[in-house]
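Here are the chains, one letter per residue:
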Amino acid sequence: MRVLSGYVFCLLAFGTTLWGTVYAIWDLSSGTWTWVSLCIFFGSYSLTLMGVTVGYHRYLTHQAFEFTI
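Let me begin by describing the structure that accompanies this report. This is a predicted model, so every value here is computed, not measured.

Comments concerning the overall build of the protein chain
Secondary structure assignment for the protein chain yields two helices and zero strands. Looking at the protein chain as a whole, 3% of its 69 residues are labelled buried. For the protein chain, the computed accessible surface area is about 6400 Å², with 74% contributed by carbon and sulfur atoms.

Now the structure itself:
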């Protein structure tokens, strides 16, 4: 059951990210973007970059990150 919940979490995270990217492209191409949506985009982008950086730092420097599904 634990393995299934890990897969579900990964699918939800990937699906949400993919949907957000498609929506952002549609929003920018249709010309209906607002400053709020632009701030949300940059905030989400910054949090994603910080998560990747922290994950790589923990994995490569401290070897304290274990990837299991």
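Describing the environment of T53
With respect to the helices and strands, T53 occurs in helix α2 (residues 35-62). With relative accessibility at 53%, the residue T53 sits in the exposed group. In this structure the side chain of T53 is engaged in a polar contact, spanning 2.8 Å, whose partner is the backbone oxygen of L49.

Digging into the packing of aromatic side chains
Evaluated as defined, the whole model comprises five aromatic pairs. Here Y23 and W26 contribute two aromatic rings whose centre-to-centre distance is 5.7 Å and whose plane-to-plane angle is 40°, an arrangement assigned as tilted. Remark: W26 and Y23 occur in helix α1 (residues 2-30); sequence separation between them is three residues, near one turn of the helix. The class of Y23 is partly exposed, set by a relative accessible area of 40%. Residue classification places W26 among the partly exposed positions, given a relative accessible area of 49%. Judged by centre distance (5.1 Å) and plane angle (65°), the ring pair of F41 and F42 falls under edge-to-face. Here F41 falls in the partly exposed class, since its relative accessible area comes to 40%. The exposure class assigned to F42 is partly exposed, which follows from its relative accessible area of 46%.

Re a nonpolar patch on the surface
Among the surface-exposed residues, F41, F42, Y45 and L49 lie close enough to one another that they form a single nonpolar patch of about 410 Å² accessible area. Its place among the elements puts F42 in helix α2.

Section: α2
With 28 residues, α2 extends 39 Å from end C-alpha to end C-alpha; this agrees with the ideal 40 Å at 1.5 Å per step. Of the residues trailing α2, Q63 is marked for its positive phi of about 50°.

Here is what the cut-offs are and how they apply
Residues numbered from 1 in each chain as written. Predicted model: local features only at pLDDT ≥ 70, side-chain atom pairs only at ≥ 80, totals over all residues. Heavy atoms only, no water. Helix = DSSP H or I, 4+ residues; strand = E, 2+ residues; numbered from the N terminus. Buried < 20%, exposed > 50% of the residue type's maximum accessible area, 1.4 Å probe, protein only. Areas by Shrake-Rupley, 256 points an atom, 1.4 Å probe, with all protein chains shown as cover. Polar contact = N/O pair within 3.5 Å; in protein donor to acceptor, adjacent residues only side chain to side chain. Phe/Tyr/Trp six-rings, centres within 6.5 Å; stacked < 30°, edge-to-face > 60°. Patch = residues over 30% accessible without salt bridge, like charges linked within 9 Å, V, L, I, M, F, W, Y side chains within 5 Å. Salt bridge = Lys/Arg side-chain N within 4 Å of Asp/Glu carboxyl O. Expected span 1.5 Å × (residues − 1).

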